[in-house]
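# Summary of the model geometry
Here is how the chains run, residue by residue.
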Amino acid sequence: MTRGPMTKKTNIARSILQYGVMALLLLAVIRSFFIDLRFDSAASSDEAHSFYTHLNNGNLAWSMTAVNLLLVVLLIVAIIFVGKLFCSYICPLGTISEFFGKIGQKLNVRFEAGKRTDKALRSLKYIFLFLTAYIALEASTLFSVQVDHNIAGIRLFNVDFSYITGGLVLGVFVAGSVFSRLFWCKYLCPVGAISNIFRYFLLIVGLGAIYVILYSFNIHIPILLYIGLACLIGFIVEIVVSPLQKVNMLKVTRHELLCTECGSCTQNCPQGIDVANETKVTHPDCNMCGDCVDACPETGALTINNIRIKWFPLILVSLLIILVTIAGHRVEVPATEDYWGSGSHREEAFFLSGLEQMGCVNMARDYTQQFRDIDGVVGAATYLRSQSAKVIYNPEVTSEKEIRESFFIPIRTFIKEPPSHEDTIIVYKLGLDNNISSGEMDDLRDLLQSKPVYQLETQFSDELELLVFAGETVADTTIVNRITDNRRTMYNVTGIERSPLTISGLELNRRNFVEFRRFFNDASQVPRSQIEVVSFELAKYPRNRGQFHFLINYVGRNNPNVIGLDVYYDTRPTADFYIIKDSMSAEQLRDIANASEYEVEYTDGNREVVENQYRFRLY
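Residues numbered from 1 in each chain as written. Predicted model: local features only at pLDDT ≥ 70, side-chain atom pairs only at ≥ 80, totals over all residues. Heavy atoms only, no water.

### Brief notes about the overall build of the chain
Which entries qualify depends on this criterion: Secondary structure elements follow DSSP: runs of H or I no shorter than four residues count as helices, runs of E no shorter than two count as strands, and numbering proceeds from the N terminus. Buried, partly exposed and exposed residues are distinguished by accessible area as a fraction of the type maximum, computed with a 1.4 Å probe on protein chains only: under 20%, between the cut-offs, and over 50%, respectively. Residues are treated as being in contact if the distance between any of their heavy atoms lies within 4.5 Å. We get accessible surface area from the Shrake-Rupley algorithm with a probe of 1.4 Å; when it comes to residues, only the shown protein chains can shield them.
Secondary structure assignment for the chain yields 21 helices and 18 strands. Residue burial in the chain is summarised as follows: out of 619 residues, 46% are buried. Look at the contacts in the chain between residues 6 or more apart in sequence, and 74% of them connect residues 24 or more apart. Taken as a whole, the chain presents about 31400 Å² of accessible surface, with 57% of it coming from carbon and sulfur.

Structural data, given as structure tokens:
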């Protein structure tokens, strides 16, 4: 048949997912200007590098989580069975490359490299992948800390980041995309290299089998050598037409009897593969995007294997994303895992939770170092998502109690203020088997909000305890049920007892009140006979905010006759202002102190307007 006119068509399904991913990334960037976000594991090559690092020395680089690790597994499994779906549907750089490529095509400036040049350039992504793995393994940190393949954080190996180097690499990326079809994806992307390596998984499995056999005979080959061989094999097989390219289970298949040879498939292939002259597409650049199938005007002429659903790749990638998301939230892998014991003594282990400062792998390493500093602790594994650690120790040297106590930080959470006239507030002591975080305390506060429970706090005496300050009408079982019903916890209640000692509402309020006393405006130079005290009731005050220094900065700077402030709890919260006698009335001082906003000035001369958290009322 004679080919008809070629048509260019947009694969709507793929475009929706591609630009949806781009929109989410853009939203995250915009939010980062307002919220302190960490982009620790945004790229799948980072997950792979973290995986390498974990294999090499037991550490997960940066902030590797179960989602990240499963994403590596997902990527590999998807490559083996269904091709490079990540590259075609999710990778933001692929989307951007295609966008700039269309610009180059419209400007008619795009050209194709010659065969020899093309083969030589394809080696770059394998070299890049090997260097990535080398630096990750040597430094136990992601290569993207030095060279972020997502462009935004480029440091150019060990060179400090600068806008010049960043702009240079960004310029190469954009120019390459405009003048050469998918320049980054074909020649530089380490994820592309990983994808091509695992497309020939029989070779990789064979290489792995050799590695395992040698290891079983105590012949230890560095994993870096294994990675180097995999990179070399991937490059050689990619540039040589090999039967192994037919290993993938799914392929774009052209049915010659139904094909009208219109050429739409070739015209719409973003990789420039001549699909119209293939029976089965085995080209290493095919990423199963499905654009050719979507563009084919003849039903059944072009299929993925014999599946005639045009959106089949989209359905697959969506199912895989859902699967890894669900699995990733059910499994947690350690961020760091270290063992420094000899194994010659008896060892025990326990899980320590409530490590709230552990928000990234650097903090996880800090915690690991703290464990190292404790005599008798011989190993630890840290977990970022649950902010916990598995601690291995020698019970002949230390105990679980001593280790827990060394990491204990008391927490006090207010639920509601008790009436000052209430005479009997009961204190319940609940034994806990693990540390409790401030977030879990907030959950408990919400659970007990409707009950006459006033305050929660933790203490460590013979064991970790949660103190509950409650009214007489609260039954023991009510507290236990409420607390144990909170399933989002890392602790269990081991027991409850009612303290024989009680406290009054007034005593509890005094105990919790944050006192403040400060003199300023050369108060020491003013004779006592010239000082007058004006007392106010604090009708509104935020607990534990400690913003009285803003108040005295504003009042003292604008009113030199105000020379001191003393805040305490008598029968009610009280604020005593010290002023120079007869310099102003109590009403004037009240109005100044009750301003809706304070303009405060810092020692460096900078000024800031802050909201007034307090309300003062004359006695």
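### A short note on the packing of aromatic side chains
Here is the rule we go by: Between the rings of Phe, Tyr and Trp (Trp by its six-membered ring), a pair exists once the centres lie within 6.5 Å; its type follows the angle of the planes, with under 30 degrees stacked, over 60 edge-to-face, and the other angles tilted.
Applying the stated rule across the entire model yields 21 aromatic pairs. Considering the side-chain rings of Tyr554 and Tyr598, the 5.0 Å spacing of their centres and the 25° angle between planes classify their relative orientation as stacked. Here Tyr598 lies in strand β16 (residues 597-601) and Tyr554 lies in helix α20 (residues 548-558), a separation of 44 residues in the sequence. You can call Tyr598 buried: its relative accessible area is 1%.

### Description of empty space enclosed by the protein
Which entries qualify depends on this criterion: Cavity and pocket criteria rest on a 1 Å grid covering protein atoms alone: a 1.4 Å probe that fits but cannot get out defines a cavity, protein on both sides within 12 Å along at least 5 of 7 lines defines an open pocket, and an atom within 4 Å of a point defines a lining residue. Grid points are joined across faces, edges and corners, and a volume is the space filled by probe spheres set on the points.
All chains considered together, the criterion is met by seven cavities of 30 Å³ or more. Its volume calculated, the largest cavity comes out at about 170 Å³. Lining the largest cavity are 15 residues, with Lys84, Cys87, Cys185, Gln271 and Asn287 positioned closest to its centre. Of all elements in the fold, only α5 (92-106), α8 (183-187) and α9 (190-199) reach the threshold of two or more residues within the lining of the largest cavity.

### Focus on the pairing of strand β8 (residues 425-432)
What counts here: Strands pair, by our definition, only if DSSP identifies at least two bridges between them.
Here β8 lies mainly inside the structure; seven of its eight residues are buried. Taken together, the six bridges between β8 and strand β10 (residues 464-470) define a ladder with antiparallel strand orientation. Paired with Val427 across the strands is Phe469, a residue of β10.

### Quick notes on the confidence of the model for the chain
What counts here: Scored from 0 to 100, pLDDT records how confident the predictor is in each individual residue.
In this model, the chain carries an average pLDDT of 80, and 81% of its residues clear a pLDDT of 70 or more. Here residues 1-5 scores under 50 on pLDDT; set against residues more than four positions off or in separate chains, the count is twelve contacts.

### What about the sheet that holds strand β4 (residues 348-352)?
Rules: To obtain an axis, a line is fitted to C-alpha atoms, over the contacting stretch when the element is a helix, and the angle between two such axes runs from 0 to 180 degrees between their N-to-C directions.
The sheet built from four strands is open, its strands ordered β3-β5-β6-β4 with antiparallel pairing. Edge strands, defined here as strands with exactly one partner in the open sheet, are β3 (336-339) and β4. Sheet twist, expressed as the mean angle between neighbouring strand axes with direction ignored, is 15°. The pairing of β4 with strand β6 (residues 388-393) spans five bridges and is antiparallel. Opposite Phe350, over in β6, you have Val391 as the bridge partner. The sheet strands contacting helix α15 (residues 361-372) are β3, β4, β5 (377-383) and β6, and the helix crosses β3 at an angle near 20°.

### Considerations on the side chain of Gln547
With respect to the helices and strands, the residue Gln547 is situated in the loop between β13 (531-540) and α20. Filtering out sequence-adjacent residues up to four positions away, Gln547 remains in contact with Glu611, Gln613 and Tyr614.

### Some remarks on the packing of helix α10 (residues 201-216) against helix α11 (residues 223-239)
Counted only if it meets this: With respect to orientation, any angle under 35 degrees is reported as roughly parallel, any angle over 145 as roughly antiparallel, any angle of 65 to 115 as roughly perpendicular, and every other angle as oblique. Definitions for this section: a left-handed crossing has its near helix turned counterclockwise from the far helix by less than a right angle. A right-handed crossing has that turn clockwise. Three classes are used: nonpolar for Ala, Val, Leu, Ile, Met, Phe, Trp, Tyr, Cys and Pro, charged for Asp, Glu, Lys and Arg, and polar for all others, with Gly counted as polar.
In the contact formed by α10 and α11, the axes pass within 11 Å of each other and the chain directions differ by 155°. Considering the angle they form, α10 stands roughly antiparallel to α11. In terms of crossing hand, the pair formed by α10 and α11 is right-handed. Between α10 and α11, the contacting residues are Leu203, Ile204, Leu207, Gly208 and Tyr211 on the first element and Ile223, Tyr226, Leu229, Ala230, Ile233 and Val237 on the second. Taken together, the residues of the contact of α10 with α11 break down into ten nonpolar, one polar and no charged.

### Quick notes on the pattern of salt bridges
Two side chains with opposite charge may pair up if their charged atoms get near one another. To be explicit about the condition: Salt bridges are defined as contacts in which a side-chain nitrogen from Lys or Arg sits within 4 Å of a carboxyl oxygen from Asp or Glu.
One pass over the full model with this rule turns up 23 salt bridges. Between Glu348 and Arg346 there is a salt bridge, and its shortest N-O distance comes to 2.5 Å. According to the relative accessible area criterion, Glu348 is partly exposed, its value standing at 32%. Notably, a salt bridge pairs Asp591 with Arg590, separated by 3.4 Å at the nearest N-O pair. Given the relative accessible area of 48%, Asp591 is considered partly exposed.

### As for the state of the cysteines
Stated formally: Cysteine sulfurs are considered disulfide-paired once they come within 2.5 Å of each other.
In this structure the tally under the stated criterion is zero disulfides. Cys262 takes part in no disulfide bond, and the closest cysteine sulfur, belonging to Cys296, lies 6.0 Å away.

### Digging into the sheet that holds strand β14 (residues 562-569)
Taken in spatial order, the five strands of this open sheet run β12-β14-β15-β13-β18, and their pairing is antiparallel. Among the strands making up the open sheet, the edge pair consists of β12 (516-519) and β18 (615-618). Put simply, the sheet's adjacent strands are angled 30° from each other on average, direction ignored. Summarising the sheet, β12 and β14 pair through four bridges and their orientation is antiparallel. Residue pairing across strands places Arg518 opposite Leu565, the latter belonging to β14. Across the sheet, α20 is in contact with β12, β13, β14, β15 (573-580) and β18; its angle to β14 comes to roughly 155°.

### Overview of the environment of Pro297
Structurally, the position occupied by Pro297 is in the loop between α13 (291-295) and β2 (302-304). Since its relative accessible area comes to 52%, Pro297 is described here as exposed. Separated by 37 residues in the primary sequence, Pro297 and Thr260 place their C-alpha atoms 9.0 Å from one another. Those residues within four positions of Pro297 in sequence are excluded, and the remaining contacts are Cys262 and Ser264.

### Remarks on the nonpolar core
Just so we agree on the cut-off: We call a set of buried Ala, Val, Leu, Ile, Met, Phe, Trp, Tyr and Cys residues a nonpolar core when their side-chain atoms join them within 4.5 Å.
Counting 35 residues, the largest nonpolar core has Tyr89, Val252, Val275, Met288, Cys292, Leu302 and Val317 as the members making the most contacts within it. Elements that contribute at least two residues to this core include exactly α1 (12-32), α4 (85-89), α13, β2 and α14 (312-328). Sequence-distant contacts of Val317, defined by excluding residues within four places in its chain, comprise Leu17, Leu85, Tyr89 and Ile90. Grouped together as the second largest cluster of nonpolar side chains are 29 residues, Phe550, Leu551, Leu589 and Ala595 included.

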